[in-house]
Amino acid sequence: MKKKKLLLIALLLVWLAPSFAAKVDTLLVKSPSMNKEIKVVVVTPDAALGKKAVSCPAVYLLHGFGGHAKTWIEIKPNLPQIADEKGIIFVCPDGSTSWYWDSPKDPSFRYETFVSSELVKYIDGHYKTIADRKGRAITGLSMGGHGGLWTAIRHKDTFGACGSTSGGVDIRPFPKNWDMAKRLGDYESNKEIWDTHTVINQIDKIQNGDLAIIFDCGEADFFIQVNKDLHNRLLEKKIDHDFITRPGGHTGEYWNNSIDYQILFFDKFFKK
């Protein structure tokens, strides 16, 4: 009798426990432009799986300098649960140290083309996505924050919403850092290239309403001033956006928190 009672309790606990069935895939996706395979982690919600799968929106999450395809799922281990709760596919590509540019100096680094075109085509061809800019958003942290805004502004026909958390949205104050000179050439000899490859100077490519934009930065972050400068530039251009500052630095703890707000922003965009 006691064993039967314990079994019933165990079954009840299983029934009451939240059921998350999101699938986490680690893929190698061929990049024709770079002639190599790129590692990509894809988190697919249960709603987009199986015979009754429905089309779900996708958020592309870009890692920072020194990161990799698994960075976001390490920072946010409950990403599969969020995928199920929101019905969102998360796509996390490896961006190496590219800053998500097509490097004008190194043809083996064409990560803008990979993310904005090759990867999107692959994901839409292999997953149950909403294959439209209204069903796609892109964001990232640090180098990936630059990449999220850079990619969306230049490919607003592909992405309808974009973001950045702790992003290097103006690279020019940091000419010696994070392998940027390897991708663009040294700053002193290539100022025009640096000017044209920084997010803050891409704002003239968009008008109000072209993109749903959210970005944030911690007040103790070394990127805080360039983010405030971007905010002011957008205000001058009268481009609607959400900009958030909060206590915190350039840390995983900060990004674990900040990405929640961005996902809520994108979820609202998808449901318009």
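- Going by what an unreviewed UniProt entry lists, the chain is known as Acetyl esterase and is assigned to Bacteroides faecis.

1. Here's the deal with the packing of aromatic side chains
So, step 1. Scanning the model with the defined rule gives 13 aromatic pairs in all.
So, step 2. With a centroid separation of 5.1 Å and an interplanar angle of 90°, the aromatic rings of Phe174 and Phe223 are classed as edge-to-face. Within this pair, whereas Phe174 is found in the loop between strand 6 (161-165) and helix 6 (180-184), its partner Phe223 is found in the loop between strand 7 (212-218) and helix 8 (224-236), the two being separated by 49 residues in sequence.
So, step 3. Residue classification places Phe174 among the buried positions, given a relative accessible area of 14%.
So, step 4. On the basis of an interplanar angle of 20° and a centroid distance of 5.7 Å, the ring pair of Trp178 and Phe222 is categorised as stacked. A residue pair is termed long-range when its members are at least 10 positions apart, and Trp178 in the loop between strand 6 and helix 6 and Phe222 in the loop between strand 7 and helix 8 qualify at 44 residues.
So, step 5. Take Trp178: its relative accessible area is 22%, and that puts it in the partly exposed class.
So, step 6. The class of Phe222 is partly exposed, set by a relative accessible area of 44%.
So, step 7. Connected via pairs of aromatic rings, a cluster forms that spans Trp99, Trp101, Phe174, Trp178, Phe222 and Phe223.
So, step 8. Above the face of the Tyr261 ring, Arg246 is positioned so that its terminal group lies 4.6 Å from the ring centre.

About the thresholds
Within each chain, residue numbers correspond to sequence positions counted from 1 in written order. Since the coordinates come from a predicted model, pLDDT governs what is reported: local features require at least 70, and pairs of side-chain atoms require 80 or more to be given and counted, while whole-chain, interface and lining totals use all residues. Calculation of side-chain values draws on the structure's entire complement of heavy atoms; hydrogens and water are dropped beforehand. For this analysis, a ring pair means two rings from Phe, Tyr or Trp (six-membered ring only for Trp) whose centres lie within 6.5 Å, classed as stacked if their planes differ by under 30 degrees, edge-to-face if by over 60, and tilted for the remaining angles. Secondary structure follows DSSP: runs of H or I at least 4 residues long count as helices, runs of E at least 2 residues long count as strands, and numbering of each begins at the N terminus. For every residue, the accessible area (1.4 Å probe, protein chains only) is compared with the maximum for its type, and the residue is labelled buried under 20%, exposed over 50%, or partly exposed between those bounds. Whether a charge sits over a ring depends on NZ of Lys or CZ of Arg being within 6 Å of the ring centre and within 35 degrees of the ring normal.

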